[in-house]
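# Inside the fold
Each chain, letter by letter, is given below.
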Amino acid sequence: MRTTLGRVLIYAVLLLALIPVLFPVYYVFAGTFMEPRELSTFPPQLIPTGFHLDNIQRVLDAVPLMRMYGNSIVMAGIVTVAQLATSVLAAYAFVFLKFRGSAVVFALFLSTLMVPAEATFIPNYLTISGWGMHNSYLGLVLPFLAYAFGTFLLRQSFKQFPLELRDAARVDGMGHLRFLWTILLPLNKPALSAVGVYVFISSWNMYFWPLIMTRTTEMQTLQIGLNSLKNAESANPGLWLAGAALSVLPTLALVIFGQRFIVRGLTAGAVK
């Protein structure tokens with residue numbers, strides 16, 4: 001009886017803690033289908049009277065949202081694939097390719113995480129602008145093709161693989177790339193998924209770098225387009241909510257469907 005009561009109390013506390021977390025997400029989608037008069041009432045109206053699509057249509061008319069959607073998908077997709085590839089190869093080298101000074105190199109590698117991203121924007125901007133790559137997809141993705149966090153996470157996951165099995169694979173004549181592709185990566189799907197989701201969401205939400213790197217509306221990403229909605233129709237908050245709802249859909253779907261992979265991937269190597 002006490003155990004059941006304790007569980008009920010725990011679930012009740014968790015439910016109360018969940019409400020302030022989920023309410024902003026709910027209100028973004030609810031406000032998307034509200035009319036301006038519903039959003040301006042006091043106390044605030046929490047349930048729309050109907051599914052009004054005017055806000056979504058106005059967003060599509062105010063900015064080239066589909067073009068910006070495509071730019072964000074291309075940018076986030078390229079960065080995600082590139083970081084997965086570089087992180088996998090670097091983590092494999094640190095775990096399975098023994099070389100002198102590997103611990104020092106890995107420590108220097110991790111020290112790059114301590115450098116704020118904002119501190120690198122100016123030198124990166126000057127370099128890429130000097131190469132004539134501004135206002136292009138290459139300029140958007142080039143500084144983010146590799147990142148130490150993914151390497152660290154995959155290294156912790158790869159370290160759980162028994163070295164004896166790697167030696168057995170080498171005895172059977174299996175090379176590094178074949179072993180990596182056919183054995184190691186399939187066994188580390190949770191860690192790969194966690195890195196992929198994390199990188200995609202970070203790239204999707206990036207704002208400052210695309211802002212200083214793009215010159216034309218055709219190359220701007222979705223986050224810049226959402227900010228421009230403030231000048232499009234400042235008297236209609238439903239316009240902002242509709243833009244936010246459209247922008248959060250891909251990342252929300254990734255978090256919902258990839259949650260178990262994220263948890264398993266982030267905890268890989270924590271317990272032996």
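See the structure printed just above.
So, here is what we can say about the structure in this document.

## What about the overall build of the protein chain?
Helix and strand counts for the protein chain come out as 15 helices and zero strands. A compact globule built from 272 residues should have a C-alpha radius of gyration of about 19 Å, whereas the protein chain, at 23 Å, is more than 25% larger. The burial tally for the protein chain puts 35% of its 272 residues in the buried class. Considering only residue pairs separated by 6 or more positions, the protein chain has 72% of its internal contacts joining residues 24 or more positions apart. Carbon and sulfur atoms provide 70% of the accessible area of the protein chain, an area that totals close to 16200 Å². The positive charge centre, built from 18 side chains, and the negative charge centre, built from 10, are 17 Å apart in the protein chain.

## Observations regarding the packing of aromatic side chains
Per the stated rule, a full pass over the model turns up 16 aromatic pairs. Between F23 and Y26, the ring centres sit 6.4 Å apart and the planes meet at 45°, which makes this aromatic pair tilted. On the criterion of helical spacing, the pair formed by F23 and Y26 is a turn pair, its members being three residues apart in helix 1 (residues 2–32). Three or more aromatic residues joined by ring pairs form one cluster here, namely Y92, F96, F161 and F179. R155 extends its terminal NZ or CZ atom over the ring of F106, reaching a point 4.0 Å from the ring centre. The cationic tip of R166 hangs over the ring face of F179; the distance from NZ or CZ to the ring centre is 4.6 Å.

## Some details on the packing of helix 4 (residues 65–96) against helix 11 (residues 189–204)
It is the contact of helix 4 with helix 11, at a shortest axis distance of 8 Å, that shows an interaxial angle of 140°. The element helix 4 and its partner helix 11 pack so that their crossing is right-handed. Together, Y69, S72, I73, M75, A76, G77, V79, T80, Q83, L84 and V88 of helix 4 and L192, V195, G196, V199, F200, S203 and W204 of helix 11 make up the contact between the two elements. Class assignment for the residues of the contact of helix 4 with helix 11 results in 12 nonpolar, six polar and no charged.

## Observations regarding the nonpolar core
If you look at the biggest cluster of nonpolar residues, it comprises 31 residues, and the most contacted ones within it are F96, L154, F158, F179, L184 and W209. The greatest single-element share of this core, amounting to seven residues, is contributed by helix 4.

## Remarks on helix 8 (residues 148–158)
The buried fraction of helix 8 is high, at nine of 11 residues. Looking only at helix 8, the buried set comprises A148, G150, T151, L153, L154, R155, Q156, S157 and F158.

## Description of the side chain of R166
Tracing the chain through its elements places R166 in helix 9 (residues 163–171). What makes R166 buried here is its relative accessible area of 4%. Reaching out from R166, the side chain makes a polar contact with the side chain of H176 at a distance of 3.0 Å. The contacts of R166, once residues within four sequence positions are left out, are Y92, F96, F161, M174, G175, H176 and F179.

## With respect to the environment of L153
Position of L153 among the secondary structure elements: in helix 8. For L153, a relative accessible area of 5% corresponds to the buried category. Along the sequence, L153 and H176 sit 23 residues apart, while their C-alpha atoms lie 20 Å from each other.

## Concerning unusual backbone geometry
If you check the backbone angles, N135 has positive phi at about 60° while not being a glycine. On the basis of relative accessibility, which here comes to 21%, the residue N135 falls in the partly exposed class.

## Here we look at a nonpolar patch on the surface
Nonpolar side chains collect at one region of the surface, where L16, I19, F23, Y26, L46 and I47 lie side by side and expose about 610 Å² of accessible area between them. With respect to the helices and strands, the residue I47 is situated in the loop between helix 2 (36–39) and helix 3 (54–62). For I47, a relative accessible area of 60% corresponds to the exposed category.

## A short note on the environment of F96
Counting through the fold element by element, F96 comes out in helix 4. On the accessibility criterion, F96 (12% relative accessible area) is buried. Spatially, the C-alpha atom of F96 lies 10.0 Å from that of D167, the residues being 71 residues apart in sequence.

## Some words on the side chain of S203
On the secondary structure map, S203 appears in helix 11. For S203, a relative accessible area of 5% corresponds to the buried category. A polar side-chain atom of S203 sits 2.9 Å from the main-chain carbonyl oxygen of V199. Ignoring sequence-local partners within four residues, the contact set of S203 consists of M75, A76 and V79.

Cut-off values and rules
Residues numbered from 1 in each chain as written. Predicted model: local features only at pLDDT ≥ 70, side-chain atom pairs only at ≥ 80, totals over all residues. Heavy atoms only, no water. Helix = DSSP H or I, 4+ residues; strand = E, 2+ residues; numbered from the N terminus. Rg over C-alpha atoms; globule rule 2.2 N^0.38 Å. Buried < 20%, exposed > 50% of the residue type's maximum accessible area, 1.4 Å probe, protein only. Contact = heavy atoms within 4.5 Å. Areas by Shrake-Rupley, 256 points an atom, 1.4 Å probe, with all protein chains shown as cover. Lys, Arg positive; Asp, Glu negative; His and termini not counted. Charge placed at Lys NZ, Arg CZ, Asp CG, Glu CD. Phe/Tyr/Trp six-rings, centres within 6.5 Å; stacked < 30°, edge-to-face > 60°. Lys NZ or Arg CZ within 6 Å of the ring centre and 35° of its normal. Axes fitted to C-alpha atoms, helices over the stretch in contact; angles between N-to-C directions. Left-handed = near helix turned anticlockwise from the far one by under 90°. Nonpolar A, V, L, I, M, F, W, Y, C, P; charged D, E, K, R; others polar. Core = buried A, V, L, I, M, F, W, Y, C linked by side-chain atoms within 4.5 Å. Polar contact = N/O pair within 3.5 Å; in protein donor to acceptor, adjacent residues only side chain to side chain. Patch = residues over 30% accessible without salt bridge, like charges linked within 9 Å, V, L, I, M, F, W, Y side chains within 5 Å. Salt bridge = Lys/Arg side-chain N within 4 Å of Asp/Glu carboxyl O.

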